[in-house]
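Fold and geometry: a report
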Amino acid sequence: MTFDLGNWLRAVWASLTEPAEMAGKVIAMRPDPAAMWTAVALMAILNVLFLAFMQFLSPVPVAMQQEAIQLPPFALTALIWMLLVLWILTTSYIGRLLGGQGDLHSTLTLMVWFHCVNLTLEAGQLLLMIISPYLAALASVIMFGALIWCIMNFINVLHGFENLLKSVVTLALSVFAMGLIAGLILVLFGITPGGTV
C-alpha cells in the first residue's frame, strides 16, 4: 500500500465512518512497539506545534492565559507526552478490568492511529481558522462528536466488548484516571494554573 495523501485521507475518513472495521485493520497490522512509542513522542511534538499555531491565529484572552498552565515548549511537550502515555496505559488496563481482551501493544497501536486521525482533523481546522474562525468553531463541534464516536468504537473492538456501553465506561474511567494521575504528578512538581510555584 502506498501511503500518499489520498490514501491517508481515505483512511482517516474510514476511521470516522467505519471505525469498527478500521480498528480491526489497524490492530491487525501489529507494527513494531518501539516505532509506536516513538510515534507517541512525535504526537506530543505535533500537538504543541498545533497549539502554537492556533494561539497565533486566535490569541487567547489575557484573563484566560493567566488561568492556564504556562509552560515552556519543551515542558509542555513532556506534559502532553505524559498524558498520552497515561491514556494508553489506563485504556488498556481499565478495559481489561472490565473484562476486555486488548493488550498493551494493540492499545498503543490503536491510540497512535486515533491521534493521527485527530491531528489530521486539527490540521483541517487550522486551515478553516485562516479562512473563517466561525467555520473553524463549527467544525470543532462536529470534530468532537466524530472523534468520540471513533474512539468508542476503537475501544469496543480493542477489548472485544459486546456493546458500546462498556466502551463508554472504559473511556470515562480512563480519562478520569489519566487526569487524576497527571494532576498528582503536576502538584508534586509544583505546577499549578498560572505557572510554576
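The structure under discussion appears in the preceding block.
Structural notes, computed from the coordinates. What you see is a predicted model, and the numbers here were worked out from it, not measured in a lab.

A short note on the nonpolar core
- If you look at the biggest cluster of nonpolar residues, it comprises 45 residues, and the most contacted ones within it are W113, I151 and F154.
- At the level of elements, α1 (5-17), α2 (19-29), α3 (33-57), α5 (73-97), α6 (104-131), α7 (133-159) and α8 (164-188) are the ones that each hand at least two residues to this core.
- Ranked by residues supplied to this core, first place goes to α6 with 10 residues.
- Leave out the neighbours within four places in its chain, and W113 touches W8, A11, V12, S15, M22, V26 and F154.
- Of all hydrophobic cores here, the second largest spans 5 residues; its members include F50, L126, M129 and A136.

Overview of the environment of P73
- Position of P73 among the secondary structure elements: in helix α5.
- Relative accessible area serves as the criterion here: at 59%, P73 is assigned to the exposed category.
- Along the primary structure P73 and A52 are separated by 21 residues, whereas in three dimensions their C-alpha atoms are 9.1 Å apart.

Regarding the environment of W149
- Following the sequence through the fold, W149 ends up in helix α7.
- Taking the C-alpha atoms as reference points, W149 and E18, separated by 131 residues in sequence, lie 10.0 Å from one another.

Description of the packing of aromatic side chains
- Inspection of every chain in the model, using the stated rule, returns 3 aromatic pairs.
- Centroid distance W87 to F114: 5.9 Å. Interplanar angle 80°. Geometry classified as edge-to-face. In this pair, W87 sits in helix α5 while F114 sits in helix α6, placing the two residues 27 residues apart along the sequence. Like W87, the residue F114 is buried in the burial classification.
- Seen from their ring centres, F114 and F154 are 6.4 Å apart, and the 75° between their planes marks the pair as edge-to-face. Pair noted here: F114 is in helix α6 and F154 is in helix α7, with a separation of 40 residues, a long-range link. The pair F114 / F154 is uniform in exposure class, with both members buried.

Concerning the environment of W8
- Looking at the secondary structure, you find W8 in helix α1.
- Considered as a pair, W8 and V117 are 109 residues apart in the sequence and their alpha carbons are 9.3 Å apart.
- Apart from the residues lying within four places of it in its own chain, the contact partners of W8 are W113, C116 and T120.

What about the pattern of salt bridges?
- One pass over the structure, following the stated rule, counts 3 salt bridges.
- When the shortest N-O distance is used, the salt bridge between R30 and D103 registers 3.7 Å. Remark: D103 occurs in the loop between α5 and α6 and R30 occurs in the loop between α2 and α3; sequence separation between them is 73 residues.
- Exposure remark for D103: the relative accessible area of 32% places this residue in the partly exposed category.
- For K166, the salt bridge identified is with E162, shortest N-O distance 3.9 Å.
- Taking the relative accessible area as the measure of exposure, K166 reaches 29% and is therefore partly exposed.
- The exposure class assigned to E162 is exposed, which follows from its relative accessible area of 60%.

Digging into the side chain of N153
- If you trace the backbone, N153 turns up in helix α7.
- Of note is the side chain of N153, whose polar atom sits 2.8 Å from the backbone oxygen of W149.
- Not counting chain neighbours up to four residues away, the residues in contact with N153 comprise P19, A20 and L164.

Reading the values: rules and limits
Residues numbered from 1 in each chain as written. Predicted model: local features only at pLDDT ≥ 70, side-chain atom pairs only at ≥ 80, totals over all residues. Heavy atoms only, no water. Core = buried A, V, L, I, M, F, W, Y, C linked by side-chain atoms within 4.5 Å. Buried < 20%, exposed > 50% of the residue type's maximum accessible area, 1.4 Å probe, protein only. Helix = DSSP H or I, 4+ residues; strand = E, 2+ residues; numbered from the N terminus. Contact = heavy atoms within 4.5 Å. Phe/Tyr/Trp six-rings, centres within 6.5 Å; stacked < 30°, edge-to-face > 60°. Salt bridge = Lys/Arg side-chain N within 4 Å of Asp/Glu carboxyl O. Polar contact = N/O pair within 3.5 Å; in protein donor to acceptor, adjacent residues only side chain to side chain.

None of the figures reported here should be taken as evidence of function without further support.
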